[in-house]
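# Observations on chain architecture
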Amino acid sequence: MIDLEETTARWPAALLERWGVRGREAPADIPLLSRHLRVTEALAGYLARLYSPLAERLARCLPTLSEPLVLGINGAQGTGKSTAAEVIAHLLELRGFQVCRLSIDDLYLTRSERQRLADEVHPLLATRGVPGTHDIDLGEALLQALTQADADTQLTLPRFDKARDDRHAEGELWRGRPHLIIFEGWCVGARPQEEAALEPALNALEREEDPDGRWRRYVNEQLKDYQRLFARLNHLILLRAPSFEQVFQWRSEQEAALKKQLEDERRVGTHLMTPPMLQRFIDHYERLTRWILQEMPGRADLVLALDTHHRVERITASGATRL
């Protein structure tokens with residue numbers, strides 16, 4: 001396990017100096033965080049130390065803002081976006097801040113809505129994930145309402161059940177004014193590709209099920225509309241996978257963990273994927289994931305580069321970062 005000194009060393013010294021933080025404080029309830037994340041206390045401690053400099057920086061700037069700050073977190077499947085959001089929220093909530101966490105996954109269209117797209121536009125749109133399968137109007141309305149919230153605000157946040165591949169009938173109630181809104185997801189902050197880049201096909205899915213490129217052109221065109229949602233981000237963090245090839249292994253681990261969780265909860269009638277199904281599912285994401293890994297590091301406020309074991313091996317900051 002990486003110790004405190006090594007963890008802190010991954011943060012650029014010049015950035016810590018500019019932030020005016022020591023990068024050594026990790027005011028966290030490690031046993032509570034461990035139970036919440038379902039990880040060992042050693043790993044929970046590492047994660048708390050890793051994100052402590054950012055939490056310390058946010059704790060200093062949030063009280064000076066006139067409205068909630070929106071922090072975007074991007075990362076491919078299995079990079080730890082949800083974990084990062086939970087750890088940052090935990091560190092700040094212990095300091096008395098209110099943190100609202102949203103995932104772009106919770107904006108997925110319902111199964112029936114996606115099936116309608118599949119019937120009317122392209123069969124591949126039945127599968128959740130790519131731009132065009134989210135309710136962007138809902139996301140924009142939620143961020144608008146949260147940034148304008150006051151102490152009496154009550155909002156219902158949508159929640160998506162991946163095991164059922166459908167949105168929960170009832171969402172989650174949010175009350176009050178958040179200091180910070182964390183908006184995470186695999187394509188959060190992504191930008192469209194140039195039209196010429198959409199050819200040739202990248203994988204078996206595109207070759208066999210989208211030979212004329214109609215699906216990927218639709219997805220790319222829809223991503224243009226997502227920019228009005230992403231424009232609400234104040235800052236963007238990228239959890240950068242070492243390669244796209246690593247993503248399949250991590251997503252496989254996620255599916256295995258979900259399977260165990262569902263078995264422990266004795267839930268049946270769920271939509272778990274076999275390895276071939278999972279490969280086809282990941283193929284939906286390959287094009288945009290590779291584009292994000294190529295394009296986003298140059299403009300994200302912070303890039304946390306991961307090794308094959310999910311450990312952060314390097315942290316870089318954009319020269320233009322406003323953090």
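Here the residue numbering is sequential within each chain, running from 1 through the sequence in written order. Two thresholds apply to this predicted model, a pLDDT of at least 70 for residue-level local features and 80 or more for giving and counting side-chain atom pairs, whereas whole-chain, interface and lining totals are computed over all residues. Heavy atoms throughout the structure, all of them, feed into the side-chain values; hydrogens and water do not.

### Looking at the sheet that holds strand β9 (residues 302-306)
Overall, mixed pairing links the six strands, which are arranged β2-β7-β1-β8-β9-β10 in an open sheet. With partners counted over all chains shown, the strands left at the sheet margins are β2 (99-103) and β10 (312-317), one partner each. In this sheet, neighbouring strand axes are inclined to one another by 15° on average, regardless of whether the strands run parallel or antiparallel. Relative to strand β7 (residues 180-185), β2 runs parallel, the two being bridged by five bridges. Note on β7: the bridge partner recorded for Leu-102 is Phe-183. Note on contacts: a residue pair is in contact if any heavy atoms of the two residues lie within 4.5 Å. Here an angle of 0 to 180 degrees is reported between the N-to-C directions of two axes, which are lines fitted to C-alpha atoms, with helices fitted over the stretch in contact. A run of H or I in DSSP becomes a helix once it reaches four residues, and a run of E becomes a strand once it reaches two; helices and strands are each numbered from the N terminus. Across the face of the sheet, helix α4 (residues 41-61) comes into contact with β1 (69-75), β7, β8 (235-240), β9 and β10 while running at roughly 10° to β10. At least two DSSP bridges between two strands are needed for those strands to be called paired.

### Points about the state of the cysteines
Counting rule for disulfides: a pair of cysteine sulfur atoms within 2.5 Å. Tallied over the entire structure, the rule returns zero disulfides. Here Cys-61 is not disulfide-linked; the sulfur of Cys-100 is the nearest cysteine sulfur, at 17 Å. In this structure Cys-187 is a free cysteine whose sulfur lies 18 Å from that of Cys-100, the closest cysteine sulfur available.

### Quick notes on the environment of Pro-68
Inspection of the secondary structure puts Pro-68 in the loop between α4 and β1. Each residue gets one of three labels from its accessible area relative to the maximum for its type: buried under 20%, exposed over 50%, partly exposed in between, using a 1.4 Å probe on protein chains only. Among the residues examined, Pro-68 registers a relative accessible area of 2% and is labelled buried. For the pair formed by Pro-68 and Ala-231, sequence separation is 163 residues and the distance between their alpha carbons is 15 Å. In this view, Pro-68 contacts Leu-146, Thr-147, Arg-177, Pro-178, His-179, Ile-181 and Asn-234; residues no more than four positions away in its chain are not counted.

### Describing the packing of aromatic side chains
Two measures describe an aromatic ring pair: the distance that separates the ring centres and the angle between the ring planes. Between the rings of Phe, Tyr and Trp (Trp by its six-membered ring), a pair exists once the centres lie within 6.5 Å; its type follows the angle of the planes, with under 30 degrees stacked, over 60 edge-to-face, and the other angles tilted. According to the stated counting rule, one finds five aromatic pairs in the structure shown. Note on Trp-11 and Trp-19: the rings are 5.7 Å apart at their centroids and 55° apart in plane angle, and the pair reads as tilted. As far as burial versus exposure is concerned, Trp-11 and Trp-19 are alike and both buried. Between Tyr-108 and Phe-160 the ring centres are 4.9 Å apart and the planes differ by 70°, which places this aromatic pair in the edge-to-face class. In this pair, Tyr-108 sits in the loop between β2 and α6 (111-120) while Phe-160 sits in strand β4 (residues 160-161), placing the two residues 52 residues apart along the sequence. One exposure class covers both Tyr-108 and Phe-160, and it is buried.

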